[in-house]
Amino acid sequence: MDEITFRRATADEYEAVHNINTNLFNGGDLISNKQRYQHHLTRPYNYAYIAEIEGRVISFCMFTIQDGGTTLFGRFWRTHSDYGRQNINFRLNQYGVKDIVSHHSGIVKGRYMTAISGLHPNLPPKTSLINTRPMLIHEIITAKTLLQKCQQQTYKYLPLTTLDERQKRQLLTSPETSLKCAGTEHLIMDSQVYKAISDNYKLIKETEDPYVLAELSQDEVQSFSLGIQMPLKQQCMFAYKMEIYTKSEEQAKNHIQQQALHAAQSLPDKHLYVVIRLDAAFTEQSSERAAITEHLSKLGLRYNYENAARIGKDPHRITVEWNIRDTADMKRFRVQKIS
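Predicted, not measured: the structure shown is a model, and the values here were computed from it.

S.K.: Help me understand the side chain of N304 in this model?
M.R.: With respect to the helices and strands, the residue N304 is situated in the loop between α9 (287-298) and α10 (305-309). Not counting residues within four places of it along the chain, the set of residues in contact with N304 comprises I137, H138 and E139.

S.K.: Can you walk me through the environment of V57 in this structure?
M.R.: Inspection of the secondary structure puts V57 in strand β3 (residues 56-66). The class of V57 is buried, set by a relative accessible area of 9%. Linking V57 and A115, residues 58 residues apart in sequence, is a C-alpha distance of 25 Å. What V57 contacts, discounting residues up to four positions off in sequence, is A16, I20, I50, A51 and E52.

S.K.: Even after reading the chapter, I still don't get the nonpolar core, so can you show me in this structure?
M.R.: The tendency in soluble globular proteins is for nonpolar side chains to be buried as a group. In this structure, F60 and F224 are the most contacted members of the largest nonpolar core, which totals 47 residues. Among the elements that line this core, the one with the most residues is strand β13 (residues 220-231), at five residues. When neighbours within four sequence positions are excluded, F224 is seen to be in contact with L171, C181, L187, L213, A214, E243, I244, Y245 and H255.

S.K.: Looking at this model, I keep getting lost on the layout of surface pockets. Mind explaining?
M.R.: A probe as big as a water molecule, rolled over the atoms, marks out the empty space that is left. By volume, the second largest pocket is sized at about 250 Å³. Put simply, the parts of the chain that give the lining of the second largest pocket at least two residues each are α5 (165-172), α6 (175-182) and β13. No other element matches α5, which puts four residues into the lining of the second largest pocket. In terms of residue class, the lining of the second largest pocket is built from four nonpolar, four polar and four charged.

S.K.: I keep staring at the packing of aromatic side chains and nothing clicks. Help me out?
M.R.: Each aromatic ring pair is described using two quantities: the centre-to-centre distance and the angle formed by the ring planes. The tally for this structure, following the rule as stated, stands at seven aromatic pairs. Ring plane angle 35 degrees and centroid distance 5.9 Å describe the contact between F6 and Y95, whose orientation is recorded as tilted. With F6 in strand β1 (residues 5-8) and Y95 in helix α3 (residues 88-103), the pair connects residues that are 89 residues apart, well separated along the chain. With a relative accessible area of 33%, Y95 lands in the partly exposed category.

Reading the values: rules and limits
- Residues numbered from 1 in each chain as written.
- Predicted model: local features only at pLDDT ≥ 70, side-chain atom pairs only at ≥ 80, totals over all residues.
- Heavy atoms only, no water.
- Helix = DSSP H or I, 4+ residues; strand = E, 2+ residues; numbered from the N terminus.
- Contact = heavy atoms within 4.5 Å.
- Buried < 20%, exposed > 50% of the residue type's maximum accessible area, 1.4 Å probe, protein only.
- Core = buried A, V, L, I, M, F, W, Y, C linked by side-chain atoms within 4.5 Å.
- 1 Å grid on protein atoms, 1.4 Å probe; cavity = no way out; pocket = protein on both sides within 12 Å on 5 of 7 lines; lining within 4 Å.
- Points joined across faces, edges and corners; volume = space filled by probe spheres on them.
- Nonpolar A, V, L, I, M, F, W, Y, C, P; charged D, E, K, R; others polar.
- Phe/Tyr/Trp six-rings, centres within 6.5 Å; stacked < 30°, edge-to-face > 60°.

Following this line, the structure appears as structure tokens:
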């Protein structure tokens with residue numbers, strides 16, 4: 001094999017990084033947009049790395065420092081198909097972790113999120129499971145069509161509150177509320193997982209700035225949802241990620257409907273790539289999941305079987321954590337087998 005060089009990536013290397021795989025996730029790659037790529041690579045809490053051979057960029061990964069400087073979150077991992085199955089991205093991750101820890105000695109944990117088929121992954125040694133979220137991937141729809149479909153629905157929805165800045169901060173930094181509604185202290189936004197603590201709020205606000213809807217009862221949150229919109233490579237296309245935190249079928253449909261309406265109204269004349277993640281209670285076999293899927297079809301959100309098939313039957317997103325000290329001993333960063 002030709003000699004591989006590992007080094008820090010820079011904000012002006014967008015084209016080289018994008019060309020690793022120009023159609024990742026069928027156009028839904030979350031750093032395919034140049035401005036978004038440059039935003040990430042100019043934040044002081046993000047560290048990105050590339051592997052190259054004779055000047056050609058063949059692999060990329062990025063880490064975000066969270067939890068007040070104690071945790072690394074890895075994402076956007078990719079390697080060119082010409083260099084697959086050669087362990088290059090794992091070696092690049094090892095290089096990146098070592099480099100970051102040499103500058104930030106307080107980091108003790110690492111986390112990453114990956115896709116699996118089903119509910120029960122076989123995790124790599126020395127890792128633990130943080131959360132599991134069923135994932136619904138939909139075909140691209142125009143905002144105009146989505147708006148029309150939402151307005152045609154006669155379903156009686158309960159009122160949800162759009163949280164102001166004070167309420168949003170209180171919700172997203174409250175592990176008690178997160179545990180009650182989500183069963184975990186870790187909330188997914190975009191392709192990153194944040195622990196619901198005050199140390200992460202500035203990062204959430206600057207990077208994600210979610211649209212937050214909540215079901216309130218006597219000023220206490222009973223359920224909530226997060227909507228995050230992200231521009232994609234084509235100027236007419238946006239990804240809209242919905243994170244629904246409730247175990248109630250009716251409230252899940254309620255949040256989806258109102259998040260979809262917001263997406264359609266706030267992104268007029270755009271094409272939308274919609275991904276919805278639900279509570280782990282909504283497995284593919286559940287009647288509640290079937291009811292939600294039927295309701296989504298009424299909104300014009302058709303399940304994207306091609307993208308889902310890349311993951312497997314009943315796709316989920318899981319968050320995995322490991323001890324930074326074990327990085328050098330880990331044989332793989334990613335989940336390798338699904339039970």
